[in-house]
Each structure stands twice: as structure tokens, then as C-alpha cells.
Amino acid sequence: MRIVVTGGAGFIGSNFVTATVRDRPDVEVTVLDALTYAGSRKSLSAVEDRIRFVQGDIANAALADQLVANSDMVVNFAAESHNDNSLVDPWPFVQTNIVGTYTLLQSVRRHGVRYHHVSTDEVYGDLELDDPKKFTEQTPYNPSSPYSSTKAASDMLVRAWIRSFGVQATLSNCSNNYGPRQHIEKFIPRQITNILTGVRPKLYGGGTNVRDWIHVDDHNAAVWRIIESGQIGRTYLIGANGELDNLSVIRIILELMGRDPEDFDYVADRVGHDLRYAIDSSSLSGELGWYPRYTNFREGLQATIDWYHNNRGWWENEKDAVEARYQAQGA
Ligand code: NAD
Ligand code: DAU
């Protein structure tokens, strides 16, 4: 199988590419990545001699078309992915998440190539803390932020291209990922690298917001399961029953790093901050037999902490700039 992985130099994409090269010698991987601030060739260093890397924009129709024409499958991880950035400047989100997805869809349509769209649970909006319900494939779309609304728009484009043009596509909507090589602007790596550089961790608002954590390798195993066995036209929800409020997560990180669990700062809350996400992935488990393997969050988190500790060269140069940006926002 010849597979084009867009956004393959980012957090989830680079873990997908690394696992694919390791476990599937029959798969030929081409990475298409614009190398925005969120992408890095360093994230692919373990596999660089076994993949083809093309630097470019998914919204570049000629380039996308040329790569898609010579492939059997496109997995689209490329996106602007950070909610806080989307509140400061939404335009790159509209351009990459909507126009970029449109461009890829036109190419896979033209060449009859199979497509998998990687999306987020944030398209469903948020839940109350005491709501017994979780998101399912039937939950109506109700996105809150510029980021999640552009992801919702991209999902709608995929669904329309399936129905109107017979594009052979599947979609997945996953909850919050953690693991190695996540950009240090994101919650967990920001706090780990804060502690490693002597900065106090920062908690938005009261810290009651709940996220449903899943290890990135579990997410990617589910994506492969959908590529291989998923039903064309279907959406699958991916989650690992990992609900935790942010206050608990920050205290666990501090504790695992040998600090006082109260040694953090409360900072300004995110505007429009989604309260709670929770995924019901029973149809993925029931129909495709996928189950998460990382069921112990503390163990997965400890391994993630160790990765940032042992790979300072991957993130250290960017740390001051990321924190300066947050400080300017009061966060
Ligand atoms: P990321 O920000 O770490 O990586 C995004 C990658 O896409 C980067 O390598 C970047 O250079 C590349 N990119 C951005 N714009 C591009 C463009 N126009 N053309 C080509 N490449 C471009 O993101 P991530 O956290 O790895 O997320 C990957 C995908 O998974 C996204 O679609 C995101 O919406 C989705 N998702 C993320 C999570 C999560 O918790 N991180 C959860 C569910 C779904
Ligand atoms: O649910 C899936 C989504 O998860 C993905 O679609 C997004 O791409 C991904 O970024 C993530 O979105 P969140 O906004 O939930 O992730 P983030 O890491 O930015 O924040 C997680 C929670 O932690 C959120 O409630 C905000 C809070 N937070 C974040 C930062 C950066 C803090 O309390 N302090 C912080 O410093």
C-alpha cells in the first residue's frame, strides 16, 4: 500500500508514521507536511531513511494532486490544531482545515483514492459535568471555537463528498491525545516543560474542565483499524474512558515529577472554554474490535514525562517564545 500521510511531522502524525514504518513493512509512506511552527523533521528522525518527505501545503492543489495520483490511500492529520491560537487568529484554521481538506477531497475524488479524515470530539461541543451521556456518532454537531468549527466544517465536506461524489472515505473523531512529541503549547507538555525549566505550571480558570485522555498510540491503532476494516462512509468515535479534570492532571504531573501538588498558578480562563468532553467508543470496539492498550494514565504520563526529560533538544529552543506568547495573553 502506498500511503500519503498529511501532517506527518506533527504530534499524532509523526507517531502514526513511526508506528507504521515499524509495524508494516509492506506500507510505503510519503509524508506531506508544510512544517508550520507545529511540525518538525526532528519528529521523523527515527524513520527518515525509510519514508519520502515532501514539504508542502495540503491546499496546494497541484502538489496534492501529484502525490495523490501516485498513492492508494490518504490519511489526513494536517491541521491547525490549537484552540488558543484560533482565538487570536482564526484565518490559518479556515485556510488549512477547510480549504486544505477541500483540496485533498478534490484530488482523491479525481483519482479514486481512499481517504481517511482525522478529526476531533470537539465538533460535538461540550457536556455538563454531571451529564451521564457521552458523545456518540449520533450527537449533533455544536462546535464552540474557531478551531473546532473549522474541523466540523471539514467533516461536513468529507461527508458531502462521500454522498455526492462517491468518495471512498471514513472519518474518526478522537478525544485529547497525550504522549511523546506533542507541541509544548499544549496542556500536558506545557506543564512538564514548565517544571523542567523552573516555571510554575499554569491552570486555566478553576481547573474543573474535563478532558477524556487517550494515549496517541491507541488513537493511531484505532485509525489503522478503521483504514483496514472500517465501513466506507462511516464516522467512528475514538476514546479510552480517560476522563479527568485539569486540576487533577496538573497535580498528578507535579506529583510524578517529585513536586508539591499545589505548586502551580491559576491563570486567566480560555474564552468560551469547553467544559467537558467524553467519548463513547463502543461502536468502534463492538464493530471493529479495537480496545485501548494504555489503560493506566499515570504510567502513560510517566513515560511522557520521561520522554520530555530525555529529549530536551526537541523542545528547549522554543520554550521561551511559547511562554512569552502565553504571558502576553495573560495565560
Ligand atoms: P499538530 O499541530 O501537532 O500537527 C499538525 C501538523 O500539520 C504539523 O506537522 C503541521 O506542520 C502540519 N500542517 C499544518 N498546516 C498544514 C498545511 N496547510 N499543509 C500541510 N501540513 C500542514 O496536530 P496534532 O495534535 O498532531 O493533530 C493532528 C490531527 O488530529 C488534527 O487534524 C487534529 O484536529 C486531530 N486531533 C488532535 C487531537 C489532539 O489531542 N491533539 C485529538 C483529536 C483529533
Ligand atoms: O479533544 C480533542 C482536542 O484536544 C484536539 O482536537 C485539539 O487539537 C487538542 O489541542 C486538544 O484541545 P484542548 O483545547 O482540549 O487541548 P489543550 O491542550 O489546549 O488544553 C487541554 C485543557 O487544559 C483545556 O481544558 C485547557 C487547559 N489548559 C491548557 C493549557 C495550554 C490549562 O489549564 N493550562 C494550559 O496552560
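Attention here is on the structure that accompanies the text. The model shown is predicted, which means the values in this text are computed figures rather than measured ones.

Let's talk about the pairing of strand 1 (residues 2-6)
Across the 5 residues of strand 1, 4 count as buried, placing the element largely inside the fold. Of the pairings in the sheet, the one linking strand 1 to strand 2 (residues 28-33) comprises 5 bridges and is parallel in character. Bridge pairing in strand 2 places V4 opposite T30. Between the parallel pair strand 1 and strand 2, the chain is carried across by helix 1 (residues 11-23), and the sense of this crossover is right-handed.

Description of helix 2 (residues 61-69)
Those residues of helix 2 that sit buried are L63, A64, D65, L67 and V68. Buried residues along helix 2 sit in contact with strand 1, strand 2, strand 3 (52-55), strand 4 (73-76) and helix 4 (91-111). N-capping of helix 2 is provided by N60, with a side-chain oxygen placed 3.3 Å from the backbone N of A62.

Some details on the site of ligand 1
Near ligand 1, the surroundings consist of 28 residues, among which I12, D33, S81, Y147 and K151 are the closest. Contact distances for ligand 1 include 3.4 Å between an oxygen atom and a backbone N or O atom of F77. Within the backbone of N177, one N or O atom sits 2.8 Å away from an oxygen atom of ligand 1. For ligand 1, whose unbound accessible area comes to 840 Å², protein coverage reaches 96%. Looking at the shell around ligand 1, the elements that each hand over two or more residues are helix 1, strand 5 (114-120) and helix 5 (146-165). Per element, the largest residue contribution to the shell around ligand 1 is 3 residues, and it comes from strand 5. Residues belonging to the shell around ligand 1 are distributed by class as follows: 13 nonpolar, 12 polar and 3 charged.

A word on the site of ligand 2
Taken together, the neighbourhood of ligand 2 is formed by 25 residues, with T120, D121, Y147, R270 and H273 sitting nearest. One nitrogen or oxygen atom from the side chain of R211 is found 2.7 Å from an oxygen atom belonging to ligand 2. Burial of ligand 2 by the protein amounts to 95% of the accessible area it has alone, namely 690 Å². Contributions of two or more residues to the shell around ligand 2 are made by helix 6 (187-196) and strand 8 (202-204).

Comments concerning the environment of D126
The residue D126 is located in the loop between strand 5 and helix 5 in this model. Look at D126 and you get partly exposed, because its relative accessible area is 35%. The spatial distance from the C-alpha of D126 to the C-alpha of V267 is 21 Å, given a sequence separation of 141 residues. Those residues in contact with D126 that lie beyond four places of it in its chain are F135, H273, D274, L275, R276 and Y277. Within the local environment of D126, its side chain forms a polar contact with the backbone nitrogen of L275, the two atoms lying 2.7 Å apart.

Description of the packing of aromatic side chains
A full pass over the atoms with the stated rule returns 14 aromatic pairs. Between F16 and W224, the ring centres sit 5.7 Å apart and the planes meet at 10°, which makes this aromatic pair stacked. Here F16, found in helix 1, pairs with W224, found in helix 7 (residues 216-229); they are 208 residues apart in sequence, far enough to count as distant. The two residues F16 and W224 agree in class, both being buried. On the basis of an interplanar angle of 70° and a centroid distance of 5.3 Å, the ring pair of W161 and F165 is categorised as edge-to-face. Here F165 and W161 lie together in helix 5, a separation of 4 residues that amounts to about one turn. Taking the relative accessible area as the measure of exposure, W161 reaches 13% and is therefore buried. Residue classification places F165 among the partly exposed residues on the basis of a relative accessible area of 39%. Taken together, Y124, F135, Y141 and Y277 form an aromatic cluster joined through their ring pairs.

So, how was this worked out
- Residues numbered from 1 in each chain as written.
- Chains lettered and ligands numbered in written order.
- Predicted model: local features only at pLDDT ≥ 70, side-chain atom pairs only at ≥ 80, totals over all residues.
- Heavy atoms only, no water.
- Buried < 20%, exposed > 50% of the residue type's maximum accessible area, 1.4 Å probe, protein only.
- Helix = DSSP H or I, 4+ residues; strand = E, 2+ residues; numbered from the N terminus.
- Pairing = 2+ DSSP bridges.
- Right-handed = clockwise from strand over helix to strand, strands pointing away.
- Contact = heavy atoms within 4.5 Å.
- Polar contact = N/O pair within 3.5 Å; in protein donor to acceptor, adjacent residues only side chain to side chain.
- Near = heavy atom within 4 Å.
- Areas by Shrake-Rupley, 256 points an atom, 1.4 Å probe, with all protein chains shown as cover.
- Nonpolar A, V, L, I, M, F, W, Y, C, P; charged D, E, K, R; others polar.
- Phe/Tyr/Trp six-rings, centres within 6.5 Å; stacked < 30°, edge-to-face > 60°.

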